[in-house]
Amino acid sequence: NAGVTQTPKFQVLKTGQSMTLQCAQDMNHNSMYWYRQDPGMGLRLIYYSASEGTTDKGEVPNGYNVSRLNKREFSLRLESAAPSQTSVYFCASIQDRLNTEAFFGQGTRLTVV
Amino acid sequence: EDKVVQSPLSLVVHEGDTVTLNCSYEVTNFRSLLWYKQEKKAPTFLFMLTSSGIEKKSGRLSSILDKKELFSILNITATQTGDSAVYLCAVERGSTLGRLYFGRGTQLTVWP
C-alpha cells in the first residue's frame, strides 16, 4: 500500500547544480502538489497539477519547474540550486473535487551548500 | 492576503492533560479546514471540517469549526506521549480545490 512515494529521501547539492525530485502516487488521484517546509514556516505550495497535462504556480514557484509526466507522476526540478532552496520538500495528491483530503509523501530533505 | 494563524506555537504538557489547539483564518471563498498531525515525516490527515458547529471526533481527538468567527479548535483529551507532534491547520479555498494554505503549526510535547 505505497500511497505517495518520493525519491530521493535525502540530497546534498552544491550551489548551481541541478536535480529532479520524483513523486509517484498509486491511488489514481487526479491532482498533485509540491510543497516546501522550512523551520517555523509551515508548508508552502510551490506548484500544483490539477489534472494530467496541466500545471500551475503556487505561492513560491521561483527557481523551480515541474512536469506532470502522466497521471501517476509529478516531478519537481531545480535548474540551478541556491542555498535558499534548502528545505524539506513534500509531494501530495488528492482524489478529485469531492474528496480533497491530501495524502503526503515522506518528504525529501534537500541541503544546498 | 490569505492568512492562517495557529496558537500557541508550542505547548508542553504532562500525560493525562487535556489540550486545546487554535486555528484562525482569513481566506476568501472558504471551502474547508483541515487538521494534520506531523511526526518528523509526512503530515497525516486528522479531520476535514466544512460546516459550523458540527464536532468531528476520532478517539481522544475532536475538532469543531466556527465559520462566523473564522476559527477552529482541536482538542486532545487524556494526552499520551505518542501525541507529541506538530499539529498543522490548513484551509482550502473553493476556487482552487485541493490547494491548501497552511499555518505554521503547533509543536505539542507530552512528558510522561
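Attention in this report is confined to the structure presented alongside it. This is a predicted model, so every value here is computed, not measured.

Okay, the overall build of chain A next. Looking only at helices and strands, chain A features 0 helices and 11 strands. For chain A, the spread of C-alpha atoms along the three principal axes comes to 40 × 25 × 25 Å. Across the 113 residues that make up chain A, the buried fraction comes to 46%. Here chain A has roughly 5400 Å² of accessible surface; of this, 48% comes from carbon and sulfur atoms.

Further remarks concern the overall build of chain B. In terms of regular secondary structure, chain B is built from 0 helices and 11 strands. Along the chain direction, N to C, the helices and strands of chain B fall in the order β-β-β-β-β-β-β-β-β-β-β. Taking 13 Å as the expected radius of gyration for a compact globule of 112 residues, we find that chain B reaches 14 Å, a close match to that expectation. Along the first, second and third principal axes, the C-alpha set of chain B runs to 45 × 30 × 20 Å.

Residue and element names in this part refer to chain A. The strand order across the open sheet built from 4 strands is S1-S3-S8-S7, with neighbouring strands paired in antiparallel fashion. For this open sheet the edge positions go to strand S1 (4-7) and strand S7 (64-68), each flanked by a neighbour on one side alone. Across the sheet, the axes of successive neighbouring strands diverge by a mean angle of 15°, strand direction being ignored. The sheet contact formed by S1 and strand S3 (residues 19-25) spans 4 bridges and is antiparallel. Across the sheet, residue Thr7 finds its bridge partner in S3, namely Gln22.

Residue and element names in this part refer to chain A. If you walk through the whole model with that rule in mind, you get 2 disulfides over all chains. One disulfide bridge connects Cys23 with Cys91, the sulfur atoms lying 1.9 Å from each other. Torsion about the S-S bond of the Cys23 and Cys91 cystine: about -75°, corresponding to left-handed handedness. In this pair, Cys23 is assigned in strand S3 and Cys91 in strand S9 (residues 87-94), connecting sequence segments 68 residues apart. Accessibility expressed as a relative area gives 3% for Cys23, which makes it buried. For Cys91, a relative accessible area of 0% gives the class buried.

Between chain A and chain B, the residue contacts involve 22 residues of the former and 20 residues of the latter. Summed over both sides, the interface of chain A with chain B buries roughly 1700 Å², with 55% coming from carbon and sulfur. Our count for the contact surface shared by chain A and chain B stands at 0 salt bridges. Ranked by residues supplied to the side of chain A that touches chain B, first place goes to strand S5 (residues 42-49) of chain A with 4 residues. Residue composition of the side of chain A that touches chain B, grouped by class: 11 nonpolar, 7 polar and 4 charged.

Nonpolar side chains in soluble globular proteins tend to end up buried together. In terms of nonpolar packing, the biggest core is built from 23 residues, with Val4, Tyr25, Leu33, Trp35, Tyr87, Val91 and Leu108 of chain B touching the most fellow members. Among the elements of the structure, strand S3 (19-26), strand S4 (30-38), strand S5 (43-49), strand S7 (61-66), strand S8 (71-76), strand S9 (85-93) and strand S11 (106-111) of chain B are those that each provide at least two residues to this core. When residues no more than four places from it in sequence are discounted, the contact partners of Leu33 of chain B are Cys23, Tyr25, Phe47, Met48, Leu49, Leu65, Ser72, Cys89, Ala90 and Val91 of chain B. Leu45, Val88 and Ala92 of chain A together with Ala42 of chain B belong to the second largest nonpolar core, which has 20 residues in total.

With that settled, the discussion passes to the side chain of Ser87 of chain A. Examined against the element boundaries, Ser87 of chain A turns out to sit in strand S9. When sequence neighbours within four positions are dropped, the list of residues in contact with Ser87 of chain A reads Arg36, Gln37, Asp38, Thr108, Arg109 and Leu110 of chain A.

Rules of the game
Residues numbered from 1 in each chain as written. Chains lettered and ligands numbered in written order. Predicted model: local features only at pLDDT ≥ 70, side-chain atom pairs only at ≥ 80, totals over all residues. Heavy atoms only, no water. Helix = DSSP H or I, 4+ residues; strand = E, 2+ residues; numbered from the N terminus. Buried < 20%, exposed > 50% of the residue type's maximum accessible area, 1.4 Å probe, protein only. Areas by Shrake-Rupley, 256 points an atom, 1.4 Å probe, with all protein chains shown as cover. Rg over C-alpha atoms; globule rule 2.2 N^0.38 Å. Pairing = 2+ DSSP bridges. Axes fitted to C-alpha atoms, helices over the stretch in contact; angles between N-to-C directions. Disulfide = S-S within 2.5 Å. Contact = heavy atoms within 4.5 Å. Buried area = accessible area lost by both parts, 1.4 Å probe. Salt bridge = Lys/Arg side-chain N within 4 Å of Asp/Glu carboxyl O. Nonpolar A, V, L, I, M, F, W, Y, C, P; charged D, E, K, R; others polar. Core = buried A, V, L, I, M, F, W, Y, C linked by side-chain atoms within 4.5 Å.

The analysis is restricted to geometry; functional conclusions fall outside its scope.
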